[in-house]
Amino acid sequence: MMAMEQLVAFRLGREEYAISISQVKEIVRYSGATKLPNTPAHMEGIINLRSNVIPVVNLAKRFDLPVEEVKAKQVVILETAGLEVGVIVDEVTEVLMIEEENMEPAPMMEQQEAFFRGIGKLGDRLMLILDLDVLFDREETEMLQNVG
């Protein structure tokens, strides 16, 4: 039997990305965040989600991509290293299953800092699969814990 992985796919600009569904808690509409002083540019601020303070990161800024003005953005609430964090994306597009044979390791490039654990191939589509443990390393996780 072929090994499969379930992913949540989303867009940042024209590019498609995915996160393992096991790390996604929920998806909510983004209506702005409370900005905090002295935080990195990609740290959008905090939101109140059912009486929980959740730090929010703008992935486009984190990846140094052009930030497109999309009217309706979404926040994917993730759980990583025991911490809940929201990531702003342009649009969650689908939940999908991908076979292991359609995943390749990400090419190693210094600028990527190995944020990606692989590339998913779906027909003619390529999807970058995020590695949250690397994206939110120990230093970033500590900063987010102090914020939240």
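Residues numbered from 1 in each chain as written. Predicted model: local features only at pLDDT ≥ 70, side-chain atom pairs only at ≥ 80, totals over all residues. Heavy atoms only, no water.

1. A word on the confidence of the model for the chain
And step 1. This prediction gives the chain a mean pLDDT of 86; 91% of its residues lie at or above 70.
And step 2. Per-element averaging of pLDDT across the chain places helix α3 (residues 138–147) at the bottom with 71 and strand β3 (residues 24–29) at the top with 96. (pLDDT = per-residue confidence, 0-100. Helix = DSSP H or I, 4+ residues; strand = E, 2+ residues; numbered from the N terminus.)

2. Observations concerning the packing of aromatic side chains
And step 1. Under the definition given, this model contains five aromatic pairs.
And step 2. Taking the centre distance of 5.6 Å and the plane angle of 35° together, the rings of Phe63 and Phe115 count as tilted. In this pair, Phe63 is assigned in the loop between α1 (59–62) and β6 (74–80) and Phe115 in the loop between β9 (103–104) and β10 (116–122), connecting sequence segments 52 residues apart. By the burial criterion, Phe63 is buried, and Phe115 matches it.
And step 3. Measuring from centroid to centroid gives 5.6 Å for Phe63 and Phe116, while their planes differ by 55°, and the two rings are tilted. (Phe/Tyr/Trp six-rings, centres within 6.5 Å; stacked < 30°, edge-to-face > 60°. Buried < 20%, exposed > 50% of the residue type's maximum accessible area, 1.4 Å probe, protein only.)

3. With respect to a nonpolar patch on the surface
And step 1. A contiguous nonpolar surface patch, about 280 Å² in accessible area, is contributed by Met2, Met4 and Met97.
And step 2. Its place among the elements puts Met2 in the segment before β1 (4–12). (Patch = residues over 30% accessible without salt bridge, like charges linked within 9 Å, V, L, I, M, F, W, Y side chains within 5 Å. Areas by Shrake-Rupley, 256 points an atom, 1.4 Å probe, with all protein chains shown as cover. Salt bridge = Lys/Arg side-chain N within 4 Å of Asp/Glu carboxyl O.)

4. Observations concerning the sheet that holds β1
And step 1. Taken together, the six strands give an open sheet; going across it, the order is β8-β1-β2-β11-β10-β9, and neighbouring strands pair in mixed fashion. Pairing within the sheet leaves two strands with one partner each, and these edge strands are β8 (91–99) and β9.
And step 2. Bridge analysis of β10 against strand β11 (residues 125–130) gives six bridges, and the strand direction is antiparallel. If you follow Ile119 over to β11, its bridge partner there is Leu128. (Pairing = 2+ DSSP bridges.)

5. Thoughts on the pairing of β11
And step 1. Judged from the two bridges that link them, strand β2 (residues 15–20) and β11 form a sheet pairing that is parallel. Along β11, the bridge assignment pairs Tyr17 with Leu128.
And step 2. Remark: two residues form the turn of the hairpin made by β10 and β11, two consecutive strands paired antiparallel; Gly123 in that turn has positive phi of roughly 60°.

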